[in-house]
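Residue strings, one per chain:
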Amino acid sequence: MSDNLSTLRDALPRLGEGVVVTLQLTLGGAALALVLALLLGLGSRAGSLWVRGPSRFVVEFFRGTSLVVQLFWLFYVLPVFGFRMESLACGILALGLNYGAYGAEVVRGSINAVPQGQWEAATALDLGPVHRLRRVILPQAWALMIPMLTNLLIQLLKGSALATYILLHDVNYFIEQLRRSTQDTFFSYTVGLLVYFALAYVLTLGMNALEVRAKNRLGSGPSLREVLRVAPVPATTRGGAA
Amino acid sequence: MPETTAPRDAVPSGTAPAPARATTTVQGAVPAIEFQGVVKRFGDNTVLDGLDFSVAKGDRVTLIGPSGSGKTTILRLLMTLEEADGGIILVDGDPYTHEIRGGKRVEVPEKRRRAVRRRVGMVFQQFNLFPNMSVLENIIEAPMHVLGLARAQATVRAEELLDQVGLADKRDARCTQLSGGQQQRVAIARALAMDPEILLLDEVTSALDPEIVADVLGVLREVAETTDITMLIVTHEMQFARDVSNRVLMFDHGRIVEEADPETMFTSPTHERTQEFLRAVLGD
């Protein structure tokens, strides 16, 4: 065991590099997924069939095909047609497309969940369609989306482990290397579990903070500052008359 | 409550303000609202079946009738929250959502539709304030982004209106911290901030506790007394209808079965359906 630990200690810089690659894939993929989710989610609600049809198709296609296959297709098949992408760009693109398709459904559902009266009030004030979405509907839908987006983000993090197979040196790759040098599967994969869990936990904390802030902006729940304060806040002054 | 009604000359109405209590439609004048053969169906249910009626500028018209008689549908058509299946609606003589061109009923382009919609404001039963904005932000959002007022200018006007509805101290409050009655008064201020020529009031007190209904109605009474805004009111508050409106229309199955001034309507209705309805509502 002490051998294992010293091997791990020596390999820590490489673990750091692995974590950086995994985070690049996760955050890059998540950013792309969020943009696609918003575009495809809004597109899925469009009145025009020319917008709605393609949006629905893209969502169904990327939701319905395996992430591994998409990743390999981008990395090994596209070059056949003369498009060669760096491994990292490929990984981010595959993760973004796949989770963007799932996210589109979250966006669509959350927008539909904003009460009809909010749309009507915005129309009554003659706010234009873009303004109505940006200033009235999306801020409210955002608060509804976050818990589901957190789920997707964690899945995306774990999905990013596939990047090892398109030659990226991410956390998963590091675990493989550790297993080879220690010859101890139990030790290496347990380290792997813990590293992924730690990363997922940090991401979850970040998303929870976003959720608290989003809800507070809608006038429900405490502010982030109140939550982060060490002493618990008495839950009396909040809530008000509805 | 101080007198803080803003001058109405900023409104591009093009006509001199009608007297606040016009009692009859002036012959020859362009009505503020005109329905011509308006049809509205929800599935197989025909709510309005070729409805014709008009409202003169400055009129305060209360629509009464059993639920499902089409009153709220009329307001929603005027706010473009519903689309008519037939007929046309004119606001100040301008076609709103549809017009007759070359003998055919065609849609009015969105740009012109918006120009007409801008003259119409609405207060809802469920208030519908934006929870992601403060009270002040709710009121200045549309004046800034739709009318193009500067923030400072919009804020001054919003503060006047908040003062008028008795909520000057709630300027920076979140909507969720307000009671229902307060929320509805903010919603009234928000609608007035757009300087509407026509104000639609859709059962604005129905979601409120009885003891705060009077506050909201008091605010609306003052609006009625100090402005010449044309009002269409759907309400079950018969006393309010009596105080504020100069015309009452009784609807049944999408048709006007009786029309009279409030005094006549509430004391000596002639139509059998009106008598039945008022007996049920007034509870005697």
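Residues numbered from 1 in each chain as written. Chains lettered and ligands numbered in written order. Predicted model: local features only at pLDDT ≥ 70, side-chain atom pairs only at ≥ 80, totals over all residues. Heavy atoms only, no water.

J.: Now, about the overall build of chain A: what can you tell me, with residues and values included?
T.: When its secondary structure is counted, chain A shows 9 helices and 0 strands. When the helices and strands of chain A are listed from N to C terminus, the series reads α-α-α-α-α-α-α-α-α. Here the C-alpha coordinates of chain A stretch approximately 70 × 60 × 20 Å along the principal axes. For chain A, the proportion of contacts with a sequence separation of at least 24, taken over those separated by at least 6, is 72%. If you sum the accessible surface of chain A, you get close to 13,000 Å²; carbon and sulfur atoms cover 67% of it. Side chains of chain A carry 20 positive and 13 negative charges; the gap between the two charge centres is 9 Å. (Helix = DSSP H or I, 4+ residues; strand = E, 2+ residues; numbered from the N terminus. Contact = heavy atoms within 4.5 Å. Areas by Shrake-Rupley, 256 points an atom, 1.4 Å probe, with all protein chains shown as cover. Lys, Arg positive; Asp, Glu negative; His and termini not counted. Charge placed at Lys NZ, Arg CZ, Asp CG, Glu CD.)

J.: For the sheet that holds strand β8 (residues 120-123) of chain B, give the residues involved together with the corresponding values.
T.: All names here are of chain B. Spatial ordering of the open sheet is given by β8-β9-β10-β3-β11-β12, a layout of 6 strands whose pairing is mixed. The outermost strands of the open sheet, each flanked by one partner alone, are β8 and β12 (255-260). With strand direction ignored, the average angle separating the axes of adjacent strands in the sheet is 20°. Looking at chain direction, strand β9 (residues 198-202) and strand β10 (residues 230-234) are connected through 5 bridges and run parallel. Bridging from a neighbouring strand, Asp202 pairs with Val234 of β10. Running over the sheet, helix α5 (residues 180-192) touches β8 and β9 and is turned about 175° from β8. Against the sheet, helix α9 (residues 272-282) touches β3 (60-64), β11 (247-252) and β12, its axis set at about 100° to β11. (Pairing = 2+ DSSP bridges. Axes fitted to C-alpha atoms, helices over the stretch in contact; angles between N-to-C directions.)

J.: Quick rundown of the interface of chain B and chain A? Include the residues and the values.
T.: Contacts between the two partners involve 26 residues from chain B, matched on the other side by 23 residues from chain A. A per-residue breakdown of the area chain B buries against chain A is headed by Phe130, Asn132 and Thr176 of chain B, which together make up 23% of the total. Remark: the boundary between chain B and chain A carries 5 salt bridges. A salt bridge links Glu141 of chain B to Arg135 of chain A; its shortest N-O distance comes to 2.6 Å. Counting every contact that joins chain B to chain A gives 11 residue pairs in polar contact (both at pLDDT 80 or more). (Buried area = accessible area lost by both parts, 1.4 Å probe. Salt bridge = Lys/Arg side-chain N within 4 Å of Asp/Glu carboxyl O. Polar contact = N/O pair within 3.5 Å; in protein donor to acceptor, adjacent residues only side chain to side chain.)

J.: So what about α5 of chain B? Which residues, and what values?
T.: Compared with an ideal rise of 1.5 Å per residue, which puts 13 residues at 18 Å, α5 of chain B spans 18 Å between its outermost C-alpha atoms and is within 8% of the ideal. Counting buried residues in α5 of chain B gives 13 out of 13 residues, a clear majority hidden from the surface. (Expected span 1.5 Å × (residues − 1). Buried < 20%, exposed > 50% of the residue type's maximum accessible area, 1.4 Å probe, protein only.)

J.: Run through the packing of aromatic side chains, naming residues and quoting values.
T.: Within the structure shown, the criterion is met by 8 aromatic pairs over all chains. Considering the side-chain rings of Phe57 of chain A and Phe61 of chain A, the 6.0 Å spacing of their centres and the 25° angle between planes classify their relative orientation as stacked. Here Phe61 of chain A and Phe57 of chain A lie together in helix α2 (residues 49-64), a separation of 4 residues that amounts to about one turn. Judged by centre distance (6.1 Å) and plane angle (35°), the ring pair of Tyr99 of chain A and Tyr102 of chain A falls under tilted. Taken together, the residues span about one helical turn, with Tyr99 of chain A and Tyr102 of chain A both in helix α4 (residues 87-113) at a distance of 3 residues. Judged by relative accessible area, which is 10%, Tyr99 of chain A ranks as buried. Among the aromatic residues, those joined into a cluster by ring pairs are Phe57, Phe61 and Phe62 of chain A. The ring of Phe42 of chain B is capped by Lys40 of chain B, whose NZ or CZ atom sits 4.9 Å from the centre of that ring. The side chain of Arg190 of chain B reaches across the aromatic face of Phe130 of chain B, ending 4.5 Å from its centre. (Phe/Tyr/Trp six-rings, centres within 6.5 Å; stacked < 30°, edge-to-face > 60°. Lys NZ or Arg CZ within 6 Å of the ring centre and 35° of its normal.)

J.: Would you mind going over the side chain of His98 of chain B in detail, with residue names and values included?
T.: Residues and elements named next belong to chain B. Within the secondary structure, His98 sits in strand β6 (residues 98-101). Judged by its relative accessible area of 4%, His98 is buried. Here Arg105 takes part through its side chain, which lies 3.3 Å from a polar atom of the side chain of His98. Not counting the four nearest positions on each side in its chain, His98 is found in contact with Glu83, Ala84, Gly87, Ile88, Arg105, Val106, Glu107 and Val108.

J.: Explain the pattern of salt bridges to me, using residue names and the numbers behind them.
T.: For the structure on display, the rule yields 32 salt bridges over all chains. Close ionic contact of Arg157 of chain B with Asp195 of chain B constitutes a salt bridge, the shortest N to O distance being 3.6 Å. Linking Arg157 of chain B in helix α4 (residues 151-164) with Asp195 of chain B in the loop between α5 and β9, this pair joins segments that are 38 residues apart in sequence. For the pair Arg157 of chain B and Asp195 of chain B, one class covers both residues: buried. Via salt bridges that share partners, Arg56, Glu60, Arg63, Glu105 and Arg108 of chain A belong to a single interconnected network.

J.: Explain unusual backbone geometry residue by residue, including any values.
T.: All names here are of chain B. We note that Asp92 has phi near 50°; this positive angle belongs to a residue other than glycine. Judged by its relative accessible area of 17%, Asp92 is buried. Unlike most non-glycine residues, Asn128 shows phi in positive territory, near 55°. You can see Asn128 is positioned in the loop between β8 and α3 (135-145). The buried category is assigned to Asn128, whose relative accessible area is 11%.

J.: Go over the domain arrangement of chain B, please, and point to the residues and values.
T.: Residues and elements named next belong to chain B. When cut into domains, chain B gives domain 1 (21-119 + 198-284) and domain 2 (126-195). Each of domain 1 and domain 2 has a C-alpha centre, and the two are 25 Å apart. Of the residues lining the interface, 14 residues belong to domain 1; the matching set on domain 2 comes to 14 residues. Buried surface at the junction of domain 1 and domain 2, summed over both partners, amounts to about 1,200 Å²; 73% is from carbon and sulfur atoms. In terms of surface lost to domain 2, no three residues of domain 1 exceed Arg118, Val216 and Val219, which account for 36% of the buried area on that side. There are 0 salt bridges connecting domain 1 and domain 2. For the pair domain 1 and domain 2, the number of links is 1 residue pair in polar contact (both at pLDDT 80 or more). Per-element tally for the side of domain 1 that touches domain 2: the top contributor is helix α6 (residues 210-226), with 7 residues. The residue makeup of the side of domain 1 that touches domain 2, split by class, is 10 nonpolar, no polar and 4 charged. (Domains from an automatic or database assignment. Nonpolar A, V, L, I, M, F, W, Y, C, P; charged D, E, K, R; others polar.)

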